[in-house]
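One-letter residues, chain by chain:
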Amino acid sequence: MLSRLFVLCILFSSLTIHALEINDDIPPEVAQALELDANKITIVDFFASWCVSCRIELPEVSALTPQLDSAQIDVIGINVDEEVQEGLEYIQSFEATGGLNFRVLMDTEQSLIEAFEPLGMPALYYLHQGKVKAMHLGAVANISAVIRQDLNKLGYRE
């Protein structure tokens, strides 16, 4: 039994997680899919209908988006539901509260989320000049204030 456990530990320790981390380069195909502008700070927010924290966070990010200078900041939501209809219905469920005020991509093929490989949901990334500059994984209380603080650290001035 102990030898089996040892073998499992060796197998798991040899697995490498390739999640994008701070200061990592954004793969060119991802930059192209997101239509990144290297001169703008891009906030990428991964979400899904099954993510309870996303339901709380998305309206807050949406309310903040129009307050940001679109010449300096781009906000992109990425829905990772595998079923298009399920994702669209989830997005439409926000219409009663003003909808989502940012561009949303449907990642039904899971190619974008596989490129980032976040270790929690929701997953919020800040991209600038071809690199990951900051990120938050999992639920974040008062996300709009946190985003403002992060943007200020990244040089954004309102």
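See above for the structure.
Bringing the nonpolar core into the picture now. Counting residues in hydrophobic clusters, the biggest one holds 42 residues, and the most contacted among them are Leu-34, Ile-43, Phe-46, Ile-147 and Leu-151. Setting aside chain neighbours within four positions, we find Leu-34 in contact with Val-44, Ile-76, Ile-78, Arg-103, Leu-105, Leu-112, Phe-116 and Leu-127.

The next subject is the packing of aromatic side chains. Taken as a whole, this structure holds five aromatic pairs when the rule is applied. Centroid distance Phe-46 to Tyr-125: 6.0 Å. Interplanar angle 85°. Geometry classified as edge-to-face. Of this pair, Phe-46 sits in strand S1 (residues 41-47) while Tyr-125 sits in strand S4 (residues 123-128); the two residues are 79 residues apart in sequence, bridging distant segments of the chain. Each member of the pair, Phe-46 together with Tyr-125, is buried. Through successive ring pairs, a cluster of aromatic residues spans Phe-46, Phe-116 and Tyr-125. Over the face of the ring belonging to Phe-94 we find Arg-55, whose NZ or CZ atom lies 4.6 Å from the ring centre.

Strand order in the open sheet made by the five strands is S3-S2-S1-S4-S5, with mixed pairing throughout. Both edges of this open sheet fall to strand S3 (103-106) and strand S5 (131-137), since each of them pairs with a single strand only. For this sheet the average axis-to-axis angle between neighbouring strands, irrespective of direction, equals 20°. Where S4 lies against S5, six bridges are found, and the strand directions are antiparallel. Paired with Ala-123 across the two strands is Leu-137, which belongs to S5.

What counts, and where the lines are drawn
- Residues numbered from 1 in each chain as written.
- Predicted model: local features only at pLDDT ≥ 70, side-chain atom pairs only at ≥ 80, totals over all residues.
- Heavy atoms only, no water.
- Core = buried A, V, L, I, M, F, W, Y, C linked by side-chain atoms within 4.5 Å.
- Buried < 20%, exposed > 50% of the residue type's maximum accessible area, 1.4 Å probe, protein only.
- Contact = heavy atoms within 4.5 Å.
- Phe/Tyr/Trp six-rings, centres within 6.5 Å; stacked < 30°, edge-to-face > 60°.
- Helix = DSSP H or I, 4+ residues; strand = E, 2+ residues; numbered from the N terminus.
- Lys NZ or Arg CZ within 6 Å of the ring centre and 35° of its normal.
- Pairing = 2+ DSSP bridges.
- Axes fitted to C-alpha atoms, helices over the stretch in contact; angles between N-to-C directions.

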